Structure formats: C-alpha cells, structure tokens
Amino acid sequence: WHHVAVVYSGTELIIYLDGVEIAANEVLPLGQVNINSNDVYIGGTGDTTTGFNGDIDDFRIYNHALSESEILRAMEAKDPNIAWNSVPWDKKQLAY
C-alpha cells in the first residue's frame with residue numbers, strides 16, 4: 001500500500017507519496033475551504049459513472065494544513081494527536 005497526502009494551505013497545493021513531496025503548485029488564492037452540507041465523494045464523482053479502481057482506507061480531513069513532519073508522523077502512526085491506528089486493513093507495510 002501507499003500513503004498519499006494532499007495539503008492545501010490556501011495558496012499552495014502539495015502532494016506527498018509515502019512521506020516524500022512529489023509535486024507542489026502555487027494555486028490561485030482560493031482562501032479557506034468552505035464547510036457545508038454538500039456531499040463529498042472520495043475516489044469518484046456523484047454520478048457513480050467514474051471512480052477509483054482500488055481501495056481507499058483511513059481517509060482524513062484536518063482543519064489545518066499539515067507540515068511535512070506531521071505527515072510523516074501520521075503515516076507512521078507516531079502521534080495519536082494526528083493519526084491513530086494507521087495500519088491498513090490487510091496489515092501490509094509501506095512499499096518504500
């Protein structure tokens with residue numbers, strides 16, 4: 001399995017794969033992400049015609065942009081304040 005983290009700070013979008021930054025891009029300053037009652041679709045769209053072919057486990061949304069060290073601690077389950085029980089359902093270890 002792989003650990004994927006996407007961080008949006010309000011001005012920058014960063015993607016981490018297994019704790020390593022693999023992409024970063026400055027984006028238009030969209031500001032704070034709005035909290036509302038709309039549905040959120042993880043791995044697909046609302047029309048169910050497209051979707052992710054695989055398993056997604058332990059999806060989390062935080063109320064702040066995680067730092068690289070927080071992502072590493074979450075990935076390795078070393079900080080219960082960030083992530084707990086971060087072991088995949090099949091008990092496999094990270095592929096790095």
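Structure: above.
Residues numbered from 1 in each chain as written. Predicted model: local features only at pLDDT ≥ 70, side-chain atom pairs only at ≥ 80, totals over all residues. Heavy atoms only, no water.

Explain the overall build of the chain to me, using residue names and the numbers behind them.
Within the chain, the regular secondary structure consists of one helix and three strands. Taken from N to C terminus, the helices and strands of the chain fall in the order β-β-β-α. Residues classed as buried in the chain amount to 20% of the 96 residues present. A sequence separation of at least 24 residues applies to 33% of the contacts in the chain between residues at least 6 apart. In the structure as shown, the chain presents an accessible area of about 7500 Å², 54% of it carried by carbon and sulfur atoms. (Helix = DSSP H or I, 4+ residues; strand = E, 2+ residues; numbered from the N terminus. Buried < 20%, exposed > 50% of the residue type's maximum accessible area, 1.4 Å probe, protein only. Contact = heavy atoms within 4.5 Å. Areas by Shrake-Rupley, 256 points an atom, 1.4 Å probe, with all protein chains shown as cover.)

How would you summarise helix α1 (residues 68-75) if you had to cite specific residues and measurements?
Those residues of α1 lying buried are E70, I71, A74 and M75. Summarising the axial view, the buried residues of α1 lie within an arc of 135°, below the 170-degree limit, and thus occupy one face. Looking at the buried positions of α1, the neighbouring elements they touch are β1 (4-8) and β2 (12-17). Of the residues flanking the end of α1, it is A77, one or two places downstream, whose phi is positive at about 55°. (Arc of directions from axis to C-beta.)

Can you break down a nonpolar patch on the surface residue by residue, with the values?
Together, V4, V6, L13, L17, V20 and I22 make up an exposed nonpolar region whose accessible area comes to about 510 Å². Elements represented by at least two residues in the nonpolar patch include exactly β1, β2 and β3 (20-26). Structurally, the position occupied by L13 is in strand β2. Overall, L13 belongs to the partly exposed group, its relative accessible area being 31%. (Patch = residues over 30% accessible without salt bridge, like charges linked within 9 Å, V, L, I, M, F, W, Y side chains within 5 Å. Salt bridge = Lys/Arg side-chain N within 4 Å of Asp/Glu carboxyl O.)

Can you tell me about the sheet that holds β2, naming the residues and giving the values?
Spatially, three strands are ordered β1-β2-β3 in an open sheet, and the strand pairing comes out antiparallel. Pairing within the sheet leaves two strands with one partner each, and these edge strands are β1 and β3. Taking the axes of each pair of neighbouring strands and ignoring which way they run, one obtains an average angle of 15° across the sheet. Examined bridge by bridge, β1 and β2 share five bridges and lie antiparallel to one another. Within β2, the residue paired with V7 across the bridge is I14. (Pairing = 2+ DSSP bridges. Axes fitted to C-alpha atoms, helices over the stretch in contact; angles between N-to-C directions.)

I'd like a description of the nonpolar core, backed by residues and values.
Core analysis: the biggest nonpolar cluster contains six residues, these being A5, V7, I14, Y16, L66 and I71. At the level of elements, β1 and β2 are the ones that each hand at least two residues to this core. For I14, the contacting residues outside a window of four places in its chain are A5, V6, V7, E21, A23 and A24. (Core = buried A, V, L, I, M, F, W, Y, C linked by side-chain atoms within 4.5 Å.)

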